[in-house]
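Coordinates in review
What follows is each chain in one-letter form.
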Amino acid sequence: MDANYFDLSDDTPVYVISVAAQLSGLHPQTLRQYDRLGLVSPGRTAGRGRLYSTRDIIQLREVQRLSQEEGINLAGIKRILELENEALRLREEVHRLRAEMRMVRALIRYELPPGA
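Residues numbered from 1 in each chain as written. Predicted model: local features only at pLDDT ≥ 70, side-chain atom pairs only at ≥ 80, totals over all residues. Heavy atoms only, no water.

**What about the pattern of salt bridges?**
Any two side chains of opposite charge can pair, given that their charged atoms come close. Worth spelling out the cut-off: Criterion for a salt bridge: a side-chain nitrogen of Lys or Arg within 4 Å of a carboxyl oxygen of Asp or Glu. Any residue under 20% of the maximum accessible area for its type is buried, any over 50% is exposed, and the rest in between are partly exposed; the area is computed with a 1.4 Å probe on protein chains only.
Under the criterion given, the structure shown has 9 salt bridges. R65 is paired through a salt bridge with E70; the nearest N and O atoms lie 3.2 Å apart. Judged by relative accessible area, R65 falls into the partly exposed class, the value being 29%. Exposure remark for E70: the relative accessible area of 48% places this residue in the partly exposed category. Taking the shortest distance from any N to any O, the salt bridge between E93 and R89 comes out at 3.1 Å.

As structure tokens, then:
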């Protein structure tokens, strides 16, 4: 099966650090610092260069907003991002479990004879 190189998602790392810096409005050194601190985790090229996705750019902007507008330090921002990611994971799990419960209920209704 051939890969469609133009079928990119928001998670596809495509922007080199200079472009990501321009799109996020931050200095490239700030992006490197955020990467070292684990605030944003860009993809890597074969030569270990950073490649940022659209989702990374959005996250960089949010880190900057929390820092500049809300006055939250970087450790606090890291914790906020961790909690947001955990909340998203849990919402996805709840969604999956609800779908599974609907399936089980449908199977029970289908398998039990009327009046049983």
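**What about helix α2 (residues 28–37)?**
Condition: Each helix corresponds to a stretch of at least 4 residues labelled H or I by DSSP, and each strand to a stretch of at least 2 residues labelled E; elements are numbered beginning at the N terminus. To be clear, the arc concerns the directions from the helix axis to the C-beta atoms.
Of the positions making up α2, those classed as buried are L31, Y34 and D35. Buried residues of α2, seen end-on, are gathered within an arc of 100° and therefore sit on one face of the element.

**Things to note about the UniProt feature "coiled-coil region" (unreviewed entry) in the chain**
Keep this limit in mind: UniProt positions are given in the numbering used here, feature names are shortened, and annotations may be inferred rather than shown by experiment.
Feature annotation in UniProt places "coiled-coil region" (unreviewed entry) on residues 80–107, given in this structure's numbering. Summarising residues 80–107: 100% helix, 0% strand, and an end-to-end C-alpha distance of 41 Å.

**Considering the packing of helix α1 (residues 17–24) against helix α3 (residues 54–68)**
Put simply, the rule reads: Comment: axis = line fitted to C-alpha atoms, over the contacting stretch for helices; angle = value between 0 and 180 degrees taken between N-to-C directions. Roughly parallel covers angles under 35 degrees, roughly antiparallel covers those over 145, roughly perpendicular covers 65 to 115, and oblique covers all other angles. Handedness of each helix crossing follows the sense of rotation of the near helix against the far helix: counterclockwise by less than a right angle gives left-handed, clockwise gives right-handed. Between two residues, a contact is recorded if the distance between any of their heavy atoms is within 4.5 Å. When residue character is reported, Ala, Val, Leu, Ile, Met, Phe, Trp, Tyr, Cys and Pro are called nonpolar, Asp, Glu, Lys and Arg charged, and the others, Gly included, polar.
It is the contact of α1 with α3, at a shortest axis distance of 9 Å, that shows an interaxial angle of 50°. One way to sum up the angle between α1 and α3 is to call them oblique. In this structure, the crossing between α1 and α3 has a hand that is right-handed. For the pair α1 and α3, the contacting residues are A20, L23 and S24 in the first and I57, L60 and R61 in the second. Residues that form the contact of α1 with α3 fall into these classes: 4 nonpolar, 1 polar and 1 charged.

**Things to note about the environment of G49**
Relative to the assigned elements, G49 resides in the loop between β2 (43–44) and β3 (50–52). The exposure class assigned to G49 is partly exposed, which follows from its relative accessible area of 28%. Note: C-alpha distance between G49 and E84 (35 residues apart in sequence) is 27 Å. Beyond its immediate chain neighbours, meaning those up to four positions away, G49 contacts G43 and R44.

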